[in-house]
Amino acid sequence: TGCQMVHTTTITVDPLPVIILGPDSSLCAGDDRLLNAGNPGSAYLWNTSAASQTITVTTNDDYWVEVTDANQCVNSDTATITFDPLPVILLEDTSVCISQQVTLDAGNTGSSYQWSTGATTQAITIDSVSGVYSVVVTTPTWCVDSADASITFVPFPVVDLGPDSALCDGGSITLDAGNPGAAYTWNDLTNGQTHTFTDDAIAWIDVYNGYCITRDSVELVFNPLPLEILPAAITTCLDYPPHYAVLDAGNSDCTFQWSNGEVTQVILATEYALYEVHITTPLNCSIDDEVLVQEYCHSAIYVPNTFTPDGDGFNDIFFPTGTNLDPGSLRLDIFDRWGELIHTGKGGEAYWDAKVNGTDVQDGVYIWKVSYRFIENVEGALSPEYERTGHVTVLR
């Protein structure tokens, strides 16, 4: 038999690269995921075109990688990565009147909630306490976010127009609503911070600070003043009976204070003067009234028929007197028994001392003539010129 040679061949089967990208997974928006293909020293090709051993992903997708090791063995793996959305929480800073409530709603129905107040409901209602309120929301996919809001409760404006007031006719009162910068509405629809009233009114004001309105009101009454009864002037002659003028201030229910000290409604004026009176009603409203009592007596002239120029200081001078005589128009002429003019006096010198050229005349009867005018009224109008004559006896 012949001999046979036997040949053998060794075949090596290299293992495929082992790639474990991990399980499909769900993360939350804003997170990221590191995918590692392992097998250092190999060549990599990701569906993102990356050629590195690892990649970081942040968006939803099916991520796969193909790994070629040093033996040119190729393997691949795929992982589905999902990024679930974070909860969207819409809370706003809010300012309201303290009389109102604020409801904060975290939205995201089906989630779980944790408020800074300790509440675990989707919405909370806040009443009167200002502050910052926050909430943490966790979705069913365990994505978490938070938000907060500043809530301010604004107090009502403080408005005080003061007490109800009683004033007097002719007066006024200015009311001030305070609160500079606010919006104002008065009962007559004017809009200033202050308002002046001069008539009876139920005065009210609405003050709005941008959030709350406060109203205040007062009753204003303007009481009547006493009536002015006295005339501006009374012209009378106190030389004749009854030697007084009756002054009646009227307003019988009032009190009176006259400038001469009297306190009655009616007084008797016995002098020529300006009489003033302060009149006050039972409701304490007052006026001042006045009346001028002025002289005007009936015009008259008086000329004596005898005088005794003996130097005893009594009846030594002869002169005309009277009522309403105009001194400037007086003229006195003296004649002797033969009709000769022996003396003339005018104005303030219309008198005779029984002398001629400084020498005493003899006792006896002398003739006089007087020219004069009367002052006819208080305005000073003069009458026509009058003239009278008569006899006077000089007797020492």
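Residues numbered from 1 in each chain as written. Predicted model: local features only at pLDDT ≥ 70, side-chain atom pairs only at ≥ 80, totals over all residues. Heavy atoms only, no water.

1. Notes on the overall build of the protein
Within the protein, the secondary structure is distributed over 0 helices and 33 strands. The globule rule puts the C-alpha radius of gyration for 396 residues at 21 Å, and the 62 Å found for the protein is more than 25% above it. With the principal axes as the frame, the protein shows a C-alpha extent of 230 × 45 × 35 Å. For the protein, the residues scored as buried account for 35% of the 396 residues in total. Sequence-distant contacts in the protein: of pairs separated by 6 or more residues, those separated by 24 or more amount to 50%. In the form shown here, the protein has an accessible surface area of approximately 23200 Å², with 52% of it arising from carbon and sulfur atoms. (Helix = DSSP H or I, 4+ residues; strand = E, 2+ residues; numbered from the N terminus. Rg over C-alpha atoms; globule rule 2.2 N^0.38 Å. Buried < 20%, exposed > 50% of the residue type's maximum accessible area, 1.4 Å probe, protein only. Contact = heavy atoms within 4.5 Å. Areas by Shrake-Rupley, 256 points an atom, 1.4 Å probe, with all protein chains shown as cover.)

2. Comments concerning the sheet that holds strand S19 (residues 233-236)
In space, the 4 strands of this open sheet follow the order S19-S24-S23-S21, with mixed pairing throughout. Each edge of the open sheet is held by one strand with a lone partner, namely S19 and strand S21 (255-258). Each neighbouring strand pair of the sheet contributes to a mean axis angle of 25 degrees, computed without reference to strand direction. Relative to strand S23 (residues 273-280), S21 runs antiparallel, the two sharing 4 bridges. The partner of Thr-255 across the bridge, within S23, is Thr-280. (Pairing = 2+ DSSP bridges. Axes fitted to C-alpha atoms, helices over the stretch in contact; angles between N-to-C directions.)

3. A closer look at the state of the cysteines
Within the structure shown, the criterion is met by 4 disulfides. One disulfide in the model links Cys-97 with Cys-212; its S-S distance is 2.0 Å. Negative torsions about the S-S bond denote left-handed disulfides, and the value of about 120 degrees found for Cys-97 with Cys-212 makes this one right-handed. With a gap of 115 residues between them, Cys-97 in strand S7 (residues 94-97) and Cys-212 in the loop between strand S17 (201-208) and strand S18 (213-223) connect regions that are remote in the sequence. (Disulfide = S-S within 2.5 Å.)

4. A short note on a negative patch on the surface
Together, Asp-164, Asp-169, Asp-199, Asp-200 and Glu-219 make up a region of like negative charge exposed at the surface. The topology assignment puts Asp-200 in the loop between strand S16 (194-197) and S17. (Patch = residues over 30% accessible without salt bridge, like charges linked within 9 Å, V, L, I, M, F, W, Y side chains within 5 Å. Salt bridge = Lys/Arg side-chain N within 4 Å of Asp/Glu carboxyl O. Lys, Arg positive; Asp, Glu negative; His and termini not counted. Charge placed at Lys NZ, Arg CZ, Asp CG, Glu CD.)

5. Structural notes on a nonpolar patch on the surface
Together, Tyr-244, Val-246, Val-266 and Leu-268 make up a nonpolar patch on the protein surface, roughly 320 Å² of accessible area in all. Tracing the chain through its elements places Tyr-244 in the loop between S19 and strand S20 (245-248). On the accessibility criterion, Tyr-244 (33% relative accessible area) is partly exposed.

6. Focus: the pattern of salt bridges
Taken as a whole, this structure holds 5 salt bridges when the rule is applied. Close ionic contact of Arg-331 with Asp-333 constitutes a salt bridge, the shortest N to O distance being 3.0 Å. Arg-331 gets classed as partly exposed once you look at its relative accessible area, which sits at 28%. Residue Asp-333 is classed as buried on the basis of its relative accessible area of 4%. With a shortest N-O distance of 3.8 Å, Asp-360 and Arg-396 are connected by a salt bridge. Separated by 36 residues along the polypeptide, Asp-360 in strand S31 (residues 359-360) and Arg-396 in the segment after strand S33 (386-394) bring together distant segments of the chain. Judged by relative accessible area, Asp-360 falls into the partly exposed class, the value being 44%. Here the salt bridges share partners, and the residues they tie into one network are Lys-355, Asp-360, Asp-363 and Arg-396.

7. Observations concerning the side chain of His-343
In this structure, His-343 sits in strand S29 (residues 341-346). Looking at His-343, its side chain comes within polar contact range of the main-chain oxygen of Tyr-351, at 2.8 Å. (Polar contact = N/O pair within 3.5 Å; in protein donor to acceptor, adjacent residues only side chain to side chain.)

8. Re unusual backbone geometry
Put simply, Pro-241 and Pro-242 share a cis peptide bond, and its omega is 10 degrees. Within the chain, Asn-179 stands out as a residue other than glycine whose phi angle is a positive 55 degrees. Among the structural elements, Asn-179 can be located in the loop between strand S14 (173-176) and strand S15 (183-186). Of note, the phi angle at Ala-354 is positive, near 65 degrees, even though the residue is not glycine. Assessed through its relative accessible area of 0%, Ala-354 is described here as buried.

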